[in-house]
Amino acid sequence: MSKVLIVDDSRTSRKILKGILEGAGHEVVGEAVDGQDGVEKYKELSPEVVTLDITMPVLDGLGSLAEIKKADPNARVIMVTAAGQQTKMVEAIKLGAAEFITKPFEPDLILAMIEKVMK
């Protein structure tokens, strides 16, 4: 099972995602409330996978993704998007995002994405 860092400014989203991941046996090693916090926790905790919301204060998901990939080019990052963020998803792919999941969360899809990026 994977060690996961959840980066999302929504407490509700973090709670739902944590429940899905832990329920499937993954370990949530940390939670971050904005992109800057996510970069710092990534460097501190060295998770195997990061779920990274796109729209956040301080540093958005794209900025956070760029910083994480600069620190660790092999980082496995799954972007979390709301509907209608296609242009940001294209940008995230260019920056090195491994996959995307959309809100509202579908547990089976999230778990499949974690499994896919860990291969």
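Located above this text is the structure these notes cover.
Everything in this summary refers to the structure shown in the same document. (Residues numbered from 1 in each chain as written. Predicted model: local features only at pLDDT ≥ 70, side-chain atom pairs only at ≥ 80, totals over all residues. Heavy atoms only, no water.)

1. Quick look at the side chain of K69
Keep this limit in mind: Starting at the N terminus, helices and strands are each numbered in turn, a helix being any DSSP run of H or I of at least four residues and a strand any DSSP run of E of at least two. Partly exposed residues are those whose accessible area sits between 20% and 50% of the maximum for their type, while under 20% is buried and over 50% is exposed, using a 1.4 Å probe and protein chains only. Counting rule applied: Lys, Arg positive; Asp, Glu negative; His and chain ends not counted. One speaks of a salt bridge when a side-chain nitrogen belonging to Lys or Arg is within 4 Å of a carboxyl oxygen belonging to Asp or Glu. Any pair of N or O atoms that falls within 3.5 Å is considered a polar contact. Within protein, one atom must be able to donate a hydrogen and the other to accept it, and sequence-neighbouring residues count only if both atoms are side-chain atoms. When checking whether two residues touch, look at their non-hydrogen atoms; a contact exists if any pair is within 4.5 Å.
Checked against the element boundaries, K69 lands in helix 3 (residues 61-71). In this structure, K69 is buried with no salt-bridge partner, the nearest side chain bearing the opposite charge being D72 at 6.9 Å. Engagement of the side chain of K69 in a polar contact is seen with the backbone oxygen of A75, the distance being 2.9 Å. For K69, the contacting residues outside a window of four places in its chain are N74, A75, L95 and G96.

2. Observations concerning the side chain of T81
By the element assignment, T81 lies in strand 4 (residues 77-81). Overall, the relative accessible area of 1% leaves T81 in the buried class. Leave out the neighbours within four places in its chain, and T81 touches I54, M89, F100, I101, T102 and K103.

3. Let's talk about helix 3
Taken as a whole, helix 3 has its buried residues at G61, L62, G63, S64, L65, I68 and K69. Tucked into the core, helix 3 has its buried residues touching helix 2 (35-45), strand 3 (49-53), strand 4 and helix 4 (86-95). A distance of 3.2 Å separates the backbone nitrogen of L62 from a side-chain oxygen at the start of helix 3, and that oxygen is part of D60.

Fair warning: the whole summary comes from geometry, so function is off the table for now.
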